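# Close look at the chain arrangement
Each chain is listed here by its residues.
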Amino acid sequence: MILENIKYGRIRHLTLLDPEKNGPGNVENVLDIINRSGSDAIMVGGSTGTDQKSVDDLIVAIKKSTKKPVILFPSSPDGFSPRADAIFYLSLLNSNDLKYVMGYQVKSARLLKSTRMEVISVAYLVFEPGMTVGKVGGARLIGRQDVSTALDYASAAELIGFHAIYMEAGSGAPQSIDPAVVKSVCKEMTIPVIVGGGIRDPETAGKMIDAGAAAVVTGTIAENDPEILGKIVSAVKA
Ligand code: 1GP
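The structure presented is a predicted model; accordingly, all values stated were derived computationally and were not measured.

### Here's the deal with the site of the ligand
Taken together, 15 residues surround the ligand, and among them Tyr 166, Glu 168, Ser 171, Gly 172 and Thr 220 come closest. Take Tyr 166: an N or O atom from its side chain is 2.7 Å from an oxygen atom of the ligand. Within the contact set of the ligand, an oxygen atom lies 2.4 Å away from a side-chain nitrogen or oxygen of Thr 220. Contact with the protein chains removes 98% of the 310 Å² of surface that the ligand exposes when unbound. The residue makeup of the shell around the ligand, split by class, is 4 nonpolar, 9 polar and 2 charged.

So, in structure tokens, the structure goes:
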């Protein structure tokens, strides 16, 4: 069970691959980097331009080169593929747009129930600067150091019954969420907290785990700086 593996520290680092940027033919190199880095799982998804064919094709390529679990990270029901091992069934709690809070969930629920896929309900919280997901998702961004609002949302997520929380600054963010905010939230939560967006050095990644995060997500770094990816993975597992 992937959720159990996240909860008990067996999945500590996840790599996000965007099907828009990683098609068959150009993803093999990145997959080799991910394999060598020791990253525990691969998330597949992107904020824009995802369709089922590109998601399917990417997962086929991933499965050819690694046994790491593949978790869907969809921005809409178009990001679904039955080839994945699990799905982060996301609800963007701080969105102004109801389709990201509950609309897409309602649209995809019966399909998901008919698959054998592990469905992990995730309260998705987008922090400043939010980047593309903040804009596309219509997010009322949570301030980078706004402990109080972060705790409001995280507490609601726990009470509603989400399996996990994903706190993120947006892919390519110049700065990650403040580890102090992660610490304040994790201290109060009984469900795993995953952190991502703008994490591109081992120190920051390690601080997120020290702050109580169950797992850290990186995306862009696998394409831009393969050397660092291995060091980030080592830091989160130290
Ligand atoms: C997005 O957190 C991920 O959900 C990845 O962010 O590309 O900045 O690593 P980066």
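### Examining the side chain of Glu 118
Tracing the backbone through its elements, the reader meets Glu 118 in strand S5 (residues 118-126). One buried charged side chain, Glu 118, makes no salt bridge at all; its nearest oppositely charged neighbour is Lys 7, positioned 9.3 Å away. A polar contact is formed between the side chain of Glu 118 and the backbone nitrogen of Ile 2, at a distance of 2.7 Å. Excluding residues that lie within four positions of it along the chain, Glu 118 makes contacts with Met 1, Ile 2, Leu 3, Asp 85, Ala 86 and Ile 87.

### Regarding the packing of helix H2 (residues 28-37) against helix H3 (residues 52-65)
Interaxial distance between H2 and H3 falls to 10 Å at its minimum, and their mutual angle equals 45°. In terms of their interaxial angle, H2 and H3 are classed as oblique. Read as a crossing pair, H2 and H3 show a hand that is right-handed. Contacts between H2 and H3 involve Glu 28, Leu 31 and Asn 35 on the former and, on the latter, Ala 61, Ile 62 and Ser 65. Here the residues of the contact of H2 with H3 sort into 3 nonpolar, 2 polar and 1 charged.

### Some thoughts on unusual backbone geometry
In this structure, the amide linkage connecting Glu 128 to the following residue, Pro 129, adopts the cis form with an omega of 5°. Here Pro 129 shows up in the loop between S5 and helix H5 (131-136). Look at Met 131: it is not a glycine, yet its phi comes out positive at around 50°. For Met 131, a relative accessible area of 24% gives the class partly exposed.

### With respect to the packing of aromatic side chains
Counted by the stated rule, this structure contains 4 aromatic pairs. Geometrically, the ring pair formed by Phe 73 and Tyr 124 is edge-to-face, given 5.5 Å between the ring centres and 70° between the ring planes. Of this pair, Phe 73 sits in the loop between strand S3 (70-72) and strand S4 (86-92) while Tyr 124 sits in strand S5; the two residues are 51 residues apart in sequence, bridging distant segments of the chain. There is no split in this pair, since Phe 73 and Tyr 124 are both buried. With centroids separated by 5.5 Å and ring planes inclined at 85°, the aromatic side chains of Tyr 100 and Tyr 104 adopt a geometry described as edge-to-face. Highlighted residues: Tyr 100 and Tyr 104, both in helix H4 (residues 98-114), separated by 4 residues, approximately one helical turn. With respect to class, Tyr 100 is no different from Tyr 104; both count as buried.

### A short note on the packing of helix H8 (residues 202-210) against helix H10 (residues 226-237)
When two helices pack together, their arrangement is given by the angle between their axes and by how far apart the axes lie. H10 packs onto H8 with a crossing angle of 25° between their chain directions and a minimal axis gap of 8 Å. As summarised for this structure, H8 and H10 are arranged roughly parallel, according to the angle between their axes. In this structure, H8 meets H10 at a crossing whose hand is right-handed. Seen from H8, the contacting residues are Pro 202, Ala 205, Gly 206 and Ile 209; seen from H10, they are Ile 228, Lys 231, Ile 232, Ala 235 and Val 236.

What counts and what doesn't
- Numbering of residues starts from 1 in every chain and runs along the sequence as written.
- Predicted model: local features are reported for residues with pLDDT of at least 70 only, side-chain atom pairs are reported and counted for 80 or more only, and whole-chain, interface and lining totals are derived from all residues.
- Heavy atoms from the whole structure form the basis of all side-chain values; hydrogens and water molecules are not counted.
- Residues are classed as near a molecule or strand on a simple rule: at least one heavy atom within 4 Å of it.
- N or O atoms closer than or at 3.5 Å make up a polar contact, with two conditions inside protein: a donor-capable atom paired with an acceptor-capable one, and, for residues adjacent in sequence, both atoms drawn from side chains.
- Only the protein chains shown count as cover for residues, and the accessible areas themselves come from Shrake-Rupley with a 1.4 Å probe.
- Residue polarity is assigned by list, with Asp, Glu, Lys and Arg as charged and Ala, Val, Leu, Ile, Met, Phe, Trp, Tyr, Cys and Pro as nonpolar; anything else, Gly included, falls into the polar class.
- A run of H or I in DSSP becomes a helix once it reaches four residues, and a run of E becomes a strand once it reaches two; helices and strands are each numbered from the N terminus.
- Burial status follows relative accessibility: with a 1.4 Å probe on protein chains alone, a residue under 20% of its type maximum counts as buried, one over 50% as exposed, and anything between as partly exposed.
- Only four residue types enter the charge count, namely Lys and Arg as positive and Asp and Glu as negative; His and the chain termini do not.
- Should a side-chain nitrogen of Lys or Arg be within 4 Å of a carboxyl oxygen of Asp or Glu, the pair is scored as a salt bridge.
- The contact criterion used throughout is that any non-hydrogen atoms of two residues lie within 4.5 Å.
- Convention adopted: a line fitted to C-alpha atoms gives each axis, helices being fitted over their contacting stretch, and angles between N-to-C directions are expressed from 0 to 180 degrees.
- Put simply, angles under 35 degrees are roughly parallel, angles over 145 are roughly antiparallel, angles from 65 to 115 are roughly perpendicular, and the rest are oblique.
- Crossing chirality is assigned from the near helix's rotation relative to the far helix, an anticlockwise turn below a right angle marking it left-handed and a clockwise turn marking it right-handed.
- Centres within 6.5 Å are what make two rings of Phe, Tyr or Trp a pair, Trp counting through its six-membered ring; a difference in plane orientation under 30 degrees is then read as stacked, over 60 as edge-to-face, and the rest as tilted.

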